[in-house]
Amino acid sequence: MASSNSLMDNLFQRSLEDLIKGLRLGESFFLSKSLEDIRREIKSTDLSTKSIALQKLTYLAALHGVDMSWAAFHAVEVVSSSRFSDKRIGYHAITQSFNDQTPVLLLITNQLRKDLNSSNEHEVSLALECLSRIGTDDLARDLTSEVFTLLGSSKALVKKKAIGVVLRVFDKYHDAVKVCFKRLVENLESSDPQILSAVVGVFCELTTKDPRSYLPLAPEFYKILVDSRNNWDLIKVLKIFAKLALVEPRLAKKVADPICELMRRTVGKSLLFECIRTVVSSLSDQETALKLAVAKIREFLVDDDRNLKYLGLHALSIVAPKHLWAVLENKEAVVKALSDEDPNVKLEALHLLMSMVNEDNVSEISRILMNYAIKSDPLFCNEIIASILLACSRNSYEIIVDFDWYLSLLGEMARIPHCQRGQEIGHQLIDIGTRVKDARLELVRVSRALLIDPALLGNQFLHPILSAAAWASGEFVEFSKTPYEIAEALLQPRTSLLAPSVRAIYIHSTFKVLVFSLGVYFSAQEPTSSPLFEESASSGSSPVNGITYKSISSLVNIIELGLCSLSGTLDVEVQERAKNVLGFIGMIKHKIAEKVTTQESETEASRAVAFMEDVFSEELGPVTSTAQEKVPLPHGLELKESLEDLQEICGEFLKPVVDSNSNSNSFSSSENISFSVAKLRISDQEEASSSSSSHPPESASLLAEHRKRHGLYYLSSQKSDDHNDSNGDNNNTLNEYPPANEISADSFNNKKKRNQSKPRPVVVKLDEGDELKTKPNVSSNDEPLSLAIQTALMGKGKEKEREKYNHERDLDSRIKGRSSGRENKTKKKNGEKSSKHRSRRRSDKEASAAEPVEIPDFLL
């Protein structure tokens, strides 16, 4: 019956081609129907039916993301088939779906061993490919001997893939190096180009992880560099020498000449670029090679092929940090690349140009880039703006000497049509205002120009810039020549296009402008003789030395008119700020006229204005993100100590108080239980008063000790304060810290670092170490492998020395054995010498592990 079912399944089973045709028809139910068929077919006892079902499932998993983990055991069954076509399907499914957590993974160990020992090279090839993809620690350990055997195979296909799988085996099982490494090195001398290419590729990957361990193999690699004519082998060898030359500088001089010869004679662009990259990254100290590489880079830059142009720019970006002259020689080609049609070429040229920026040419390069930004597409335009902002703000604007120029440049950026970097520009406007005092006059001028430009209000990307401009105009209003115009700009009707958070800043800055103007008005000695800004309200050209009644009334009226409509807005932040300003105006408005008639130097209104001026007079400065961590902890404050003993100490004071109106038998603990804090305070006072006449109970003494250690967090009382002088050390501890609402910056004796004088405006810098420095992520996973490689290489170099030593030892023992009459003494001496030999062997072994790897002198 089972055989008849298998036969029927085989006759009517859809093939992979049928499955693909059905999926292309686009029928929605076909996929689910096919999965049902696959689940039924894969359970068949016929391996042919099972393999076809597994093949279809593998296809669906690859293209449609269908889960096939449930078919892992069926894949193992198909792999055991004697038919090569079934075995190939099974291995394909395993490599695609198995991982380290697959439960049936260990079931394929014997099958892999069987296929690796097969006489059919194609079956061996399948097993090696599978091992290279899913090899685990256990599989690598169990199959190392088979891989070692295949490294010496006479079949090129098998040996080539065995060399490739060594990479996985070494990574998973480090002890495999002792078995396979010597045979792997022997293949470096193979005359078969396929074998040589495979083994060079393996060493290229190994040297990427730890180049120092492979320095003893430099002669073999050098021989390939000189003799090989295969471009791909040469490219890999160049990558190897690029790594080795960084850890052994003496190699650079030796390999420079062969690399220069390759650059002169090769016509392959890929090999030429690899030679250039090797020179500029690892051989940049070799002047002849570097000049030749720069000349070849120039050929790439002027080539019509955009790929070569990009590679030339990339090579220049590598050499730029050490040899900027190479970039300056090709400056015209780099600038011309900014207008290239290829976006990758433009970005590489931009990054290269920014690497040239310093305080001498920052203005020139920024002007060039701004011209390109205006006529570029939105994406590249914003890349240019972001690059300028990043380069100029690096290390607290260290390359900026003229901050007036830079602030005007930020204003120009905001007016570029495609600008979407409002967040960064706004941040820098505020940052410069808080750091550079000498730049605040220009900052207010630039901010005023931004605020009165109605075209900027419609671009939501520029709202952060307008927010920063509004804040600067209010915070530094004393530098403004036209406060009236600033107030008009802050209250113009088109501000309704702004987000509520930005409008709140507008209103607050308007409040600052009003307070400043009122302060000037009330502080004037001769109020009627000052010109206000009657002229500046009309012409905007006269400076404000004082404010008259007419001008201040005009300012108050325009603010009141502009904020009345906002007092009923739905946004609570905007509404509250508007009402605060209107309330202040209502309180002060009727007192303004009295300034003209009265001669009193101080009135209630002037005191109110002076109070608000004091509120806004505190200068804001830059704050680092790590500022809180630098506040020292008060002496004796325990933040990490557990307070679990508080219940034991204060148990009698923390008893629940039950409401008398509630039922004594049943009450809700969440509603009727409260803690008598007052009782705790009164008892504490009684303890302080009676401590001199009687001994306190144990709980009270514990509470006193707890309060002594954590007194800052206890509520103070008047009576206890009266006893401070008589309580001694306990109360002295309490008085050591001020209450929380009285703690000021003076409570923490922080020593601030002084800014060094520079021939430019003083930039307020934060303390050193504010920025988090990321340490390089040094992984120790490769250390055992590196140690195994070094041991294998050092052992190879010391074989002759050990043979010589053993020969001398045997000769010495024979001579001593012939001496008659001294047997006991000879035995003693032999025992001593053998112990010396053992200790010497141990010291040699330790020294071999500690000695640095060396290159044979003939290569250097």
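Overview of the structure. All values derive from a computational prediction rather than experimental measurement.

A short note on the nonpolar core
For step 1, the next point in the chain: Among the nonpolar cores identified, the biggest contains 214 residues, and Phe 181, Phe 203, Met 263 and Tyr 406 are the most heavily contacted of them.
For step 2, the next point in the chain: If one sorts the elements of this core by residue count, helix 30 (residues 500-523) sits on top with twelve residues.
For step 3, the next point in the chain: Among all residues touching Met 263, those that are not within four sequence positions of it are Leu 272, Cys 275, Ile 276, Val 279, Ala 289, Leu 292, Ala 293 and Lys 296.

Regarding the side chain of Asp 210
For step 1, the next point in the chain: Relative to the helices and strands, Asp 210 resides in the loop between helix 13 (193-209) and helix 14 (218-227).
For step 2, the next point in the chain: The buried charged residue Asp 210 lacks any salt bridge partner; its closest oppositely charged side chain belongs to Arg 212, at an N-O distance of 6.0 Å.
For step 3, the next point in the chain: Beyond its immediate sequence surroundings of up to four residues, Asp 210 is in contact with Ser 786 and Gln 790.

What about the packing of helix 11 (residues 156-172) against helix 12 (residues 176-186)?
For step 1, the next point in the chain: Between helix 11 and helix 12, whose axes approach to 11 Å, the crossing angle comes to 155°. Judged on the interaxial angle alone, helix 12 and helix 11 are roughly antiparallel. Of the two elements, helix 11 crosses helix 12, and the hand of that crossing is left-handed. The segment helix 11 lies against helix 12, with Ile 163, Val 166, Val 169 and Phe 170 engaging Ala 176, Val 177, Cys 180, Phe 181 and Leu 184.

Some points on helix 4 (residues 47-64)
For step 1, the next point in the chain: A rise of 1.5 Å per residue sets the reference length of helix 4, with its 18 residues, at 26 Å; its end C-alpha atoms lie 25 Å apart and thus fit the reference within 8%.
For step 2, the next point in the chain: Taken together, the buried positions of helix 4 are occupied by Ser 48, Thr 49, Lys 50, Ser 51, Ala 53, Leu 54, Lys 56, Leu 57, Thr 58, Leu 60 and Ala 61.
For step 3, the next point in the chain: Gly 65 sits one or two residues past helix 4 and shows a positive phi near 70°.

Focus: the packing of aromatic side chains
For step 1, the next point in the chain: Taken as a whole and assessed by the stated rule, the structure comprises ten aromatic pairs.
For step 2, the next point in the chain: Here Trp 471 and Phe 476 contribute two aromatic rings whose centre-to-centre distance is 5.6 Å and whose plane-to-plane angle is 85°, an arrangement assigned as edge-to-face.
For step 3, the next point in the chain: Exposure remark for Phe 476: the relative accessible area of 4% places this residue in the buried category.
For step 4, the next point in the chain: With 5.7 Å between their ring centres and 85° between their planes, Phe 511 and Phe 616 make a pair best called edge-to-face. Placement of Phe 511 in helix 30 and of Phe 616 in helix 35 (residues 604-617) is noted, with a sequence separation of 105 residues between them.
For step 5, the next point in the chain: Given a relative accessible area of 9%, Phe 511 falls into the buried group.
For step 6, the next point in the chain: By relative accessible area, Phe 616 is classed as partly exposed at 22%.
For step 7, the next point in the chain: Through a chain of ring-to-ring contacts, the aromatic side chains of Phe 181, Phe 203, Tyr 214 and Phe 221 assemble into a single cluster.
For step 8, the next point in the chain: The ring of Phe 148 carries the charged tip of Arg 183 above its face, separated from the ring centre by 4.0 Å.

Cut-off values and rules
- Residues numbered from 1 in each chain as written.
- Predicted model: local features only at pLDDT ≥ 70, side-chain atom pairs only at ≥ 80, totals over all residues.
- Heavy atoms only, no water.
- Core = buried A, V, L, I, M, F, W, Y, C linked by side-chain atoms within 4.5 Å.
- Buried < 20%, exposed > 50% of the residue type's maximum accessible area, 1.4 Å probe, protein only.
- Helix = DSSP H or I, 4+ residues; strand = E, 2+ residues; numbered from the N terminus.
- Contact = heavy atoms within 4.5 Å.
- Lys, Arg positive; Asp, Glu negative; His and termini not counted.
- Salt bridge = Lys/Arg side-chain N within 4 Å of Asp/Glu carboxyl O.
- Axes fitted to C-alpha atoms, helices over the stretch in contact; angles between N-to-C directions.
- Parallel < 35°, antiparallel > 145°, perpendicular 65-115°, else oblique.
- Left-handed = near helix turned anticlockwise from the far one by under 90°.
- Expected span 1.5 Å × (residues − 1).
- Phe/Tyr/Trp six-rings, centres within 6.5 Å; stacked < 30°, edge-to-face > 60°.
- Lys NZ or Arg CZ within 6 Å of the ring centre and 35° of its normal.

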